[in-house]
Amino acid sequence: MKISLLLLGFCLIVIAAYTIYSEQHFFKPNESAPILPEDTPKRIAGHYTAPNFSYETLDGKKGALNDFQGKVVLLNFWASWCAPCVIEFPQMIDLASKKPDQMVLLFISIDEDRTAIDRFLKTHGKDLPKANIHVIHDTRKAIAQTLYNTFKIPETYIIDRNGMIVEKIIGADIVWNDDAMMEKISTLYNAK
Amino acid sequence: MIRLLLIFLGALFLFSAPAAAEVIKPPTQNIPSLDTDVFAGLPVLQEGRMKPMDSLARIALKTLSGRGKIDDMSARQWLMEVLFDPAGAITRPVFFVEYPEQIGLPRVRGRLYTYQDVTMAMDQRQDSLAIAMQKESKNWTGEEQNLIQTQEKILIFEQLSHSFSFLLPLRLPVPQTVLKKLDLPKDRPITLLDLKRHQEEIDARAKRIIDRKGEDTSTYTTEEAAFVDLAFSLSVFKMKGEENKILRVIPPMDAQKDPSWVSPWSILTAGTGSPQTRALTHAWQKAAFAYLENDSAGWDVAMKTLHDLYAPSVDSTRLTLEIGYNHSQPYDWAMILYGLAFLCFCGWAGLRNQKIYMAGSLLLVIGMTLHIGAIGMRMFLLERPPVGTLYESLLFVAAIVALIGLIWDFKATHRYGLFTGSLGALILLFAAQGFTDHDTLKMLVAVLNTNFWLATHVLCITIGYAWCVITAITAHIMLFKSMRKESISHLIPTVQVFTITSLLFVSVGTILGGIWADQSWGRFWGWDPKENGALLIALWIAWLLHGRMAGLVDKNAYLAGLAALNILVALTWFGVNLLNVGLHSYGFISGVAGSLGVFCAVQTGIILFLWRGAQQRAS
C-alpha cells in the first residue's frame, strides 16, 4: 500500500510538472519582431490610443489629430448618402457649439464626390464654419477604413484629452446634444 | 477461469479495435511546411467559450469527416488550409457521407468527398432538402437525415472558408486599365478590402453599364465586363459575409460594454471595426499571404504578432492547457492502463504471482491518476463540475468505479478490488468512446447551468451509478464463485455495504433532482422517463434488500438481482435518452439502441447462466 501511495504521489507531481512546463515552454512564438502597422494603437490601462493622422479640411486648413491633445475629440465618420447622418449632424454641431473650449469635432466624410459633401453641408451644415469643427474629405478612405477600420457609418469615436479612445458609438441612436452627452464631455475634459 | 477470461478479453479487444482502416489516397496538393503551434494557441470564441484554434480545428474536422487527421494533415493544418487557401480546400475530400447513394454520390473508399462533389450532389436535391427542413427532426426518414447532416456540414465548411475571404487574394482577372482607374495596388494580389474603398465607384459604373447595355454580357467590352464582375463579386461576398459568424476571433473594443467576440466579417458588415481590429486584420492578412507563399519566416512573424495582439484579451494558460488536454488523450491512456491492470489480475489469477498483482495495482493507480487528472483539467477548462453531458458522466462514473476498486483493493485481503475497479472502469471508458464525437467541451444548456444543483444532484446520481456498477460486478463475482462452490461468506458484508451505499446515493440524488426540478420547471416530480429510471433503481435495491431481510428472496436470487443493476443503470442512464420526451430530453441521443440492446441481452444471458449455475450447485 505504501508503494502505491508513493507512486500516486509521484504521478501527481509528474502531471503537475508537465502542466507547468508545457504552459511555460509550449506554443511560444519565435522571438521575431512583430509586423504591426504604423500607429497601431497602444493599450494603456484598458484603453487604446487613437491613431494619429494628418488631414486637410475642405477649406484647405491642415492639421493632425494629435494637435487637439488637451481637449475632448469627437471623431465622426459620415457620408452624404447616410440617412442617420442627417439626424445626428445638426445635433453634433449644436453640441460642439455649446462646448467650444472643451471639445473639437472632426467630421470625416467618406464620400467619393466632393460636390456631394458640399450639397450636404449646404442643407445640414448651415451653422458652419465653427472654430472647433473641422470637415475633412477622406478621399481614399485612408483614415476611415485603413486606419480606423470603419466600414459602416455613421461611427463616432470619443477621444479623451490624452488621446485615448474612451468609447465608440455605432449608428445614430443617441441624442448628441442632450444633457447626458454634455455632462460626459465636461467630465472627460475635467478628468486628468 | 483463465480460459473464460481470455475469451472475454479477445471479444473485448475485437470489438474495441478500430474499424479496418480505409486507405485514402492523399491528393497531390502540397501541405505548406509551416509551424502550427502558435496558430493552434490563438483564441477563438465558439459554443459560448473561449478556446484555442486547435480545439476548433479538431471539432470542425471531426464533424465533417469523422476523423482526427485527413490526408496526413493534422486538424490544425487542415483548418489553416480552409481559412487561408479555400480554393485548395474545396478540392480535398473531407466530407464523410454515410450513405452516399442517397444523395447521388458514387460510393468511394472511405466515403470522403470534396466540397465540390457534395454541393453538386446537394444541388439536385434541394426540393427534398426543403421538405425535410419543414419537418420535425423526429419525423425525418433516414435519407432526409442524411441530407440534413450533409447540408449542415456544407454550411460549416462554407462559413469557415469565408472567414477571411475579404483579406485573401481575389481570384478575379482585373484588367490593368481598371487597376489604374481604381488606383488599386499593382505589386500584390488585390483583395476585397482593397475594392471596398472603391465600392461606390464600382457600383455606380456597373449600374451605368447595365443601364446602357442591358444584362447581356456578350455586348460588354473587357473593361465593362470587369467592372460588372467586380460589382457582382462584391455583392456576393457581402451577402456571404453578413451570414459569416463562425470564426469569432475579433475581441470586443470595450469588453465591459459588450464582451462578445465577433467574426472578421462583422468588421465590414456590423461596424465592429476599430484601430485595434485594423492591427489584427493586418496581421491575419500577413499570415494568409505567408501561408499562400509557404513563407515560413513571414508566417512566424505574423503568428508572433497575432500572439502579442491577443495576449491582453485572453487567458493563455487556459488555452495552453486545453491544447495539452486535446493532445494527451488521457482517457485512451487510462483505458489502456485499466486493460493492462485487468490482464495483470488475470495473470495473477492463473499464476498466483504476487508481483504480477502488484504490477496490476500500480497500473490501476497510474491509470486512475491520469483519469482523475484529466477530469480535473476538464473542470478547470469548463469551470463547472464534470457531469454536464452524457460523455462526461461516463468519464466520471468510470473514475469513481476505479477509485472504489482501488480503495477496496487496499483495504481487503482478497483481490477483487483490482478486478472490479479495472474491469468496471475499462468497460465504461470503452462505452465512452462511442460518444467522443459529441464531446466538444461545450457549455451547458440553461437548465443545467446552475452549478449548485449540477454539483449536488448530478454528482450524487452519478456516484450512485458508480456504486451500482461496483455492486453489480461484485454480485457477478459472488455468483461465479457460488457456481464453483467456493465460499463467498467473506464477500457478503462487503456487498451489503455496497448495496446500501448505492441506495443512499441514488435516493438522495433522486430527491435532490426533484428539488432542482421544482426550482427550474415548477414541479417536484413529473414522471419524466429519467426520473422514473432513477426511482426504478432505488425501488429495485430497496425491494431486494427488504426481500432478503424478510427471507422472501434466496441468496442466489438476491445476488442475481444485484447483478441486474448493470442493466437497470444502463437503461436509466442511456435508454431513457433515446426517447426524446419529457423535460430531460435535452440529453437526447440516437443510434445507441442497438448497442444498448446487445448489452442488456448479453448481461441478461450472463446473469441467468450464473444464477442457474449457482442454483444447481446449491441444490
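To be clear, the structure that these remarks concern was listed above.
Procedures and definitions
For every chain, the first residue of the written sequence is number 1, and numbering continues from 1 along that sequence. By the order in which they are written, chains take letters starting at A while ligands take numbers starting at 1. Per-residue local features are limited, in this predicted model, to residues with pLDDT of at least 70; the limit for side-chain atom pairs, both in listing and counting, is 80 or more; totals at the level of whole chains, interfaces and linings are taken over all residues. With hydrogens and water set aside, each side-chain value is computed from the structure's full complement of heavy atoms. Working definition: helices are DSSP H or I runs of at least four residues, strands are E runs of at least two. Numbering for both runs from the N terminus. When accessible area is computed with a 1.4 Å probe and restricted to protein chains, residues below 20% of their type maximum are described as buried, those above 50% as exposed, and intermediate ones as partly exposed. Contact criterion: two residues are considered in contact whenever any of their non-hydrogen atoms come within 4.5 Å of each other. Only the protein chains shown count as cover for residues, and all accessible areas are computed by the Shrake-Rupley method using a 1.4 Å probe. Interaxial angle, 0 to 180 degrees, is taken between N-to-C directions of lines fitted to C-alpha atoms, where a helix line uses only the stretch in contact. Reported orientations rely on four angle classes, namely roughly parallel under 35 degrees, roughly antiparallel over 145, roughly perpendicular from 65 to 115, and oblique for the rest. Each crossing gets its handedness from the near helix: less than a right angle anticlockwise from the far helix is left-handed, clockwise is right-handed. Amino acids are sorted into nonpolar (Ala, Val, Leu, Ile, Met, Phe, Trp, Tyr, Cys and Pro), charged (Asp, Glu, Lys and Arg) and polar (every other residue, Gly among them). Take a side-chain nitrogen of Lys or Arg and a carboxyl oxygen of Asp or Glu: if they are within 4 Å of each other, that pair is a salt bridge. Within 6.5 Å between ring centres, the rings of Phe, Tyr and Trp (the latter by its six-membered ring) count as paired, and their orientation is classed by plane angle as stacked under 30 degrees, edge-to-face over 60, tilted in between. Only when the NZ of Lys or the CZ of Arg is both within 6 Å of the ring centre and within 35 degrees of the ring normal is a charge said to sit over the ring. What goes into a patch is any residue over 30% in relative accessible area without a salt bridge, connected to like charges within 9 Å or, for nonpolar side chains (Val, Leu, Ile, Met, Phe, Trp, Tyr), within 5 Å. Defined by distance alone, a disulfide is two cysteine sulfur atoms within 2.5 Å. The length a helix should cover is 1.5 Å for every residue beyond the first. Any pair of nitrogen or oxygen atoms within 3.5 Å is treated as a polar contact; in protein, a donor-acceptor pairing is required on top of that, and neighbouring residues in sequence qualify only through side-chain atoms on both sides. Throughout, nonpolar core names a set of buried Ala, Val, Leu, Ile, Met, Phe, Trp, Tyr and Cys residues whose side chains join them through atoms within 4.5 Å. Whether two strands pair comes down to DSSP finding at least two bridges between them.

Peer 1: Got a sec to walk through the overall build of chain B? Specific residues and values, please.
Peer 2: For chain B, the count of helices and strands is 26 helices and six strands. For chain B, the proportion of its 619 residues judged to be buried stands at 54%. By sequence separation, contacts in chain B at least 24 residues apart represent 69% of the contacts at least 6 residues apart. Just so you have it, chain B exposes about 27600 Å², and 60% of that area is on carbon and sulfur atoms.

Peer 1: How would you explain the packing of helix α17 (residues 330-351) of chain B against helix α18 (residues 354-382) of chain B if you had to name every residue and give the values?
Peer 2: Helix-helix packing is described using two parameters, namely the angle between the two axes and the distance between the axes. All names here are of chain B. Relative orientation of the contacting elements α17 and α18 amounts to 160 degrees, with a least axis distance of 8 Å. When the interaxial angle is binned, α17 and α18 end up roughly antiparallel. Of the two elements, α17 crosses α18, and the hand of that crossing is left-handed. Here the residues of the contact of α17 with α18 sort into 22 nonpolar, five polar and one charged.

Peer 1: Any details on the pattern of salt bridges? Residues and values, ideally.
Peer 2: Where charged atoms from two side chains of opposite charge approach closely, those side chains can pair. Residue and element names in this part refer to chain B. Throughout the structure, instances matching the rule amount to 24 salt bridges over all chains. The partner of Arg378 in a salt bridge is Glu392, and the shortest N-O contact between them spans 2.9 Å. Remark: Glu392 occurs in helix α19 (residues 390-411) and Arg378 occurs in helix α18; sequence separation between them is 14 residues. Of the two residues examined, Arg378 and Glu392, each falls in the buried class. Within this structure, Asp37, Asp54, Arg58 and Arg76 form a network of salt bridges that share partners.

Peer 1: Summarise the packing of aromatic side chains; cite the residues concerned and give the values.
Peer 2: According to the stated counting rule, one finds 35 aromatic pairs over all chains in the structure shown. Grouped by ring-pair contacts, the aromatic residues B:Phe39, B:Phe84, B:Phe164, B:Trp284, B:Tyr291 and B:Trp299 constitute a single cluster. The lysine or arginine in question, A:Arg161, covers the ring of A:Tyr189, its NZ or CZ lying 5.0 Å from the ring centre. In this arrangement the basic side chain of B:Arg352 is found over the ring face of B:Trp348, its NZ or CZ atom lying 4.3 Å from the centre.

Peer 1: Mind laying out a nonpolar patch on the surface, listing which residues take part and the relevant values?
Peer 2: A cluster of nonpolar side chains, namely B:Trp333, B:Ile336, B:Leu340 and B:Leu343, defines an oily patch on the protein surface of about 370 Å² accessible area. Here B:Ile336 falls in the partly exposed class, since its relative accessible area comes to 44%.

Peer 1: An account of the state of the cysteines is requested, with residue identities and associated values reported.
Peer 2: Throughout the structure, instances matching the rule amount to one disulfide over all chains. The disulfide bridge from A:Cys82 ends at A:Cys85, spanning 2.1 Å between sulfur atoms. Torsion about the S-S bond of the A:Cys82 and A:Cys85 cystine: about 85 degrees, corresponding to right-handed handedness. Summarising the burial analysis for this pair, A:Cys82 and A:Cys85 share the class buried. You can see B:Cys346 has no disulfide; the closest cysteine sulfur is in B:Cys344, sitting 9.0 Å from it. Under the relative-accessibility criterion, B:Cys346 is labelled buried at 8%. A disulfide-free cysteine, B:Cys468 has its sulfur positioned 12 Å from the sulfur of B:Cys460, the nearest such atom.

Peer 1: Can you break down unusual backbone geometry residue by residue, with the values?
Peer 2: In the segment running from A:Ile153 into A:Pro154, the intervening peptide bond is cis, with an omega of 5 degrees. Checked against the element boundaries, A:Pro154 lands in the loop between α4 (142-147) and β8 (155-159). The phi dihedral of B:Asp72 falls on the positive side, at around 65 degrees, and the residue is not glycine. Residue class for B:Asp72 comes out exposed when judged on its relative accessible area of 61%. A positive phi is found at B:Arg352, a non-glycine position, where the angle reads about 55 degrees. Within the fold, B:Arg352 resides in the loop between α17 and α18.

Peer 1: Break down the packing of helix α11 (residues 199-213) of chain B against helix α12 (residues 222-242) of chain B for me, with residues and values.
Peer 2: Residues and elements named next belong to chain B. For the pair α11 and α12, the least separation of the axes is 9 Å and the interaxial angle reads 120 degrees. One way to sum up the angle between α11 and α12 is to call them oblique. Of the two possible hands of crossing, α11 and α12 adopt the one that is left-handed. Contact with α11, carried on its side by Gln199, Ile202, Asp203, Arg205, Ala206, Ile209, Ile210, Arg212 and Lys213, involves Glu223, Glu224, Phe227, Val228, Leu230, Ala231 and Leu234 of α12 and no other residues of that element. A breakdown of the residues in the contact of α11 with α12 according to their chemical character gives nine nonpolar, one polar and six charged.

Peer 1: Explain α18(B) to me, and be specific about the residues and the numbers.
Peer 2: Residue and element names in this part refer to chain B. The terminal C-alpha atoms of α18 lie 42 Å apart, and with 29 residues this matches the ideal 42 Å at 1.5 Å per residue to within 8%. Between the side-chain oxygen at the start of α18 and the backbone nitrogen of Lys355 there is a gap of 2.8 Å, and the oxygen is on Asn353. At the exit of α18 stands Glu383, carrying a positive phi of roughly 55 degrees.

Peer 1: Describe in detail the nonpolar core, supporting the description with residues and values.
Peer 2: Residue and element names in this part refer to chain B. Among the nonpolar cores identified, the biggest contains 100 residues, and Tyr331, Tyr338, Leu429, Ile537, Leu565 and Trp573 are the most heavily contacted of them. Ranked by the residues each element gives to this core, the list is headed by helix α21 (residues 451-483), at 18 residues. In contact with Tyr338, not counting residues within four places along its chain, are Leu364, Gly367, Met368, His371, Ala402, Ser422, Ala425, Leu426 and Leu429. In this structure, Leu112, Leu247, Tyr291 and Leu309 belong to the second largest nonpolar core, which totals 91 residues.

Peer 1: A description of the pairing of strand β9 (residues 164-170) of chain A should follow, citing residues and the corresponding values.
Peer 2: Residue and element names in this part refer to chain A. In terms of burial, β9 is a largely internal element, five of the seven residues being buried. Note that strand β2 (residues 47-49) and β9 share two bridges and pair antiparallel. By the bridge assignment for β9, Tyr48 is matched with Ile165. Bridge count between β8 and β9: five bridges; the pairing is antiparallel. Note on β9: the bridge partner recorded for Ile159 is Ile165.

Peer 1: Give a detailed account of the environment of B:Ala349, specifying residues and quantitative values.
Peer 2: All names here are of chain B. One can find Ala349 in helix α17. For Ala349, a relative accessible area of 18% gives the class buried. Sequence-wise, Ala349 and Arg415 are 66 residues apart; in three dimensions their C-alpha atoms are separated by 9.2 Å.

Peer 1: How would you summarise the side chain of B:Glu224 if you had to cite specific residues and measurements?
Peer 2: Residue and element names in this part refer to chain B. Locating Glu224 in the fold gives a position in helix α12. Side-chain polar atoms of Glu224 contact the side chain of Arg212, separated by 2.6 Å. If we ignore the near neighbours within four places in the chain, the residues touching Glu224 are Ile209, Arg212, Lys213 and Thr219.

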